[in-house]
Amino acid sequence: MTTYQEMIQSKLTDLNQKIEAACARSGRDPQEVKIVAVTKYVDADAVGQILDAGVTHIGENRVQDGVPKYEAHGDKGVWHFIGHLQTNKVKDVVGRFTYIHSLDRLSLAEAINKRAEALDIIVPCFLQINISGEETKFGLDPNDILAFVEACSNMKHIRIAGCMTMAPVVDDPEEARPVFRGLREWQKRLQALNLPNVTVEELSMGMSGDFEVAIEEGATFIRLGSILVKP
Ligand SMILES: *Cc1c(COP(=O)(O)O)cnc(C)c1O
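No experiment lies behind these values; they were computed from the predicted model shown. (Residues numbered from 1 in each chain as written. Predicted model: local features only at pLDDT ≥ 70, side-chain atom pairs only at ≥ 80, totals over all residues. Heavy atoms only, no water.)

## As for the overall build of the protein
Here is step 1 of the chain: Of regular secondary structure, the protein possesses 9 helices and 8 strands.
Here is step 2 of the chain: By the compact-globule yardstick of 17 Å for 231 residues, the protein fits well, its C-alpha radius of gyration being 17 Å.
Here is step 3 of the chain: When its C-alpha atoms are laid out on the principal axes, the protein stretches across 55 × 40 × 30 Å.
Here is step 4 of the chain: By residue count, 49% of the 231 residues in the protein fall in the buried class.
Here is step 5 of the chain: Long-range pairs, those at least 24 residues apart, make up 60% of the contacts in the protein with a sequence separation of at least 6.
Here is step 6 of the chain: If the 25 positive side-chain charges of the protein are averaged to one point and the 33 negative ones to another, these points end up 3 Å apart. (Helix = DSSP H or I, 4+ residues; strand = E, 2+ residues; numbered from the N terminus. Rg over C-alpha atoms; globule rule 2.2 N^0.38 Å. Buried < 20%, exposed > 50% of the residue type's maximum accessible area, 1.4 Å probe, protein only. Contact = heavy atoms within 4.5 Å. Lys, Arg positive; Asp, Glu negative; His and termini not counted. Charge placed at Lys NZ, Arg CZ, Asp CG, Glu CD.)

## What to know about the packing of aromatic side chains
Here is step 1 of the chain: According to the stated counting rule, one finds 7 aromatic pairs in the structure shown.
Here is step 2 of the chain: Summarising the aromatic geometry, the rings of Y99 and F126 are spaced 6.0 Å apart at their centres and angled 55° between planes, so their arrangement reads as tilted. Residue Y99 is located in strand β4 (residues 99–103), and its partner F126 is located in strand β5 (residues 123–128); the two are separated by 27 residues in the primary sequence. Comparing Y99 with F126, the two get one shared label, buried.
Here is step 3 of the chain: When the ring of F126 is compared with that of F221, the centres are 6.0 Å apart and the planes differ by 70°; the resulting orientation is edge-to-face. Linking F126 in strand β5 with F221 in strand β8 (residues 221–224), this pair joins segments that are 95 residues apart in sequence.
Here is step 4 of the chain: Among the residues examined, F126 registers a relative accessible area of 0% and is labelled buried.
Here is step 5 of the chain: The class of F221 is buried, set by a relative accessible area of 1%.
Here is step 6 of the chain: Taken together, the ring pairs connect Y70, W79, F81 and F97 into an aromatic cluster.
Here is step 7 of the chain: Over the aromatic face of F221 sits the side chain of K34, whose NZ or CZ is 4.3 Å from the ring centroid. (Phe/Tyr/Trp six-rings, centres within 6.5 Å; stacked < 30°, edge-to-face > 60°. Lys NZ or Arg CZ within 6 Å of the ring centre and 35° of its normal.)

## Quick notes on the site of the ligand
Here is step 1 of the chain: In the vicinity of the ligand, the contacting residues are V38, K40, Y41, N61, I82, M166, M207, S208, R223, L224, G225 and S226.
Here is step 2 of the chain: Starting from 390 Å² of accessible surface for the ligand in isolation, the protein chains cover 89%.
Here is step 3 of the chain: With respect to the pocket detection grid, the ligand is positioned in the largest pocket.
Here is step 4 of the chain: In terms of residue class, the shell around the ligand is built from 6 nonpolar, 4 polar and 2 charged. (Near = heavy atom within 4 Å. Areas by Shrake-Rupley, 256 points an atom, 1.4 Å probe, with all protein chains shown as cover. 1 Å grid on protein atoms, 1.4 Å probe; cavity = no way out; pocket = protein on both sides within 12 Å on 5 of 7 lines; lining within 4 Å. Sits in = over half its atoms within 2 Å of the grid points. Nonpolar A, V, L, I, M, F, W, Y, C, P; charged D, E, K, R; others polar.)

## A few points about the pattern of salt bridges
Here is step 1 of the chain: In the structure shown here, the tally under the stated rule is 15 salt bridges.
Here is step 2 of the chain: A salt bridge links D104 to R105, with the shortest nitrogen-to-oxygen separation between them at 2.9 Å.
Here is step 3 of the chain: Using a relative accessible area of 22% as the deciding quantity, one classes R105 as partly exposed.
Here is step 4 of the chain: Several salt bridges converge on common partners, so that one network encompasses R25, E174, R177, R181, R184, E216 and E217. (Salt bridge = Lys/Arg side-chain N within 4 Å of Asp/Glu carboxyl O.)

## Notes on the pairing of strand β6 (residues 158–164)
Here is step 1 of the chain: Across the 7 residues of β6, 6 count as buried, placing the element largely inside the fold.
Here is step 2 of the chain: In this fold, the crossover linking β5 to β6 by way of helix α6 (residues 145–153) has right-handed handedness.
Here is step 3 of the chain: Direction of pairing for β6 relative to strand β7 (residues 198–204): parallel, over a ladder of 4 bridges. In the strand pairing of β7, G162 is matched with E202. (Right-handed = clockwise from strand over helix to strand, strands pointing away. Pairing = 2+ DSSP bridges.)

## Focus on the layout of surface pockets
Here is step 1 of the chain: Here the largest pocket is characterised by a volume of approximately 700 Å³.
Here is step 2 of the chain: Grouping the amino acids of the lining of the largest pocket by side-chain chemistry returns 16 nonpolar, 11 polar and 7 charged.
Here is step 3 of the chain: Forming the walls of the second largest pocket are 13 residues, and the residues nearest its centre are N16, I19, V33, K34 and I35.
Here is step 4 of the chain: Elements with a contribution of two residues or more to the lining of the second largest pocket: α1 (4–26) and β1 (34–38).
Here is step 5 of the chain: In terms of residue count, the dominant contributor to the lining of the second largest pocket is α1 (4 residues).
Here is step 6 of the chain: Of the residues belonging to the lining of the second largest pocket, the class tally is 6 nonpolar, 5 polar and 2 charged. (Points joined across faces, edges and corners; volume = space filled by probe spheres on them.)

## Remarks on the packing of helix α2 (residues 44–52) against helix α3 (residues 63–73)
Here is step 1 of the chain: Contact pair α2 / α3: the axes reach a minimum separation of 9 Å and the direction vectors enclose 50°. Here α2 lies oblique to α3, going by the angle between them. Here α2 and α3 pass one another in a crossing that is right-handed. Here A44, D45, V47, G48 and L51 of α2 come into contact with α3, specifically with K69, A72 and H73.
Here is step 2 of the chain: Residue composition of the contact of α2 with α3, grouped by class: 4 nonpolar, 2 polar and 2 charged. (Axes fitted to C-alpha atoms, helices over the stretch in contact; angles between N-to-C directions. Parallel < 35°, antiparallel > 145°, perpendicular 65-115°, else oblique. Left-handed = near helix turned anticlockwise from the far one by under 90°.)

Shown next, in the form of structure tokens:
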């Protein structure tokens, strides 16, 4: 009988081959691509086994589910908050989750900065950008990015570590390519501003259905849920 942990290990072997192939196609170093295991589909016990299988990065999109999992296994990994974040929940996230992938408005930036200042830490955040323009998606409107980044640049306890986007759900992952390419263009534009606290070295993009295309377009964190953690 195969245990859950063994199943995760064999999926990781398979995924690492696909990551290497996508890197080979695009002339990238596979070391630049990190898997964030999105564990929203599984319980805290499974998260422990995923970490024991050798995964470092854990992603959760809801505070009420993510915090208990962090309390159970926090010290075994690096935690990423990837979902929409309400300002009143910031106090539960900052100090536990290392990265916040869903920075999309000024009130949230101010709340994160304030909480981080109280804890005397700097929180690396991703600007979530709504590249596809889908109305149902969270994320900054591209027209608002420059003013927003300038405001964040003055907040000493936030670092803009990267950009994040959600591609539309499509049958053919090729259709997501322009969205990923658009995010990489924003990364270059933001890096060229040379603003303090805006380093933008990371690109959080690609999920189970489209991660290979995202890697070809420069992803450094791929957020994998169903393809990795579902039994
Ligand atoms: C659920 C989720 C994912 C992972 O989705 P899969 O298609 O299951 O890989 C990635 N990012 C965010 C923000 C999510 O909520």
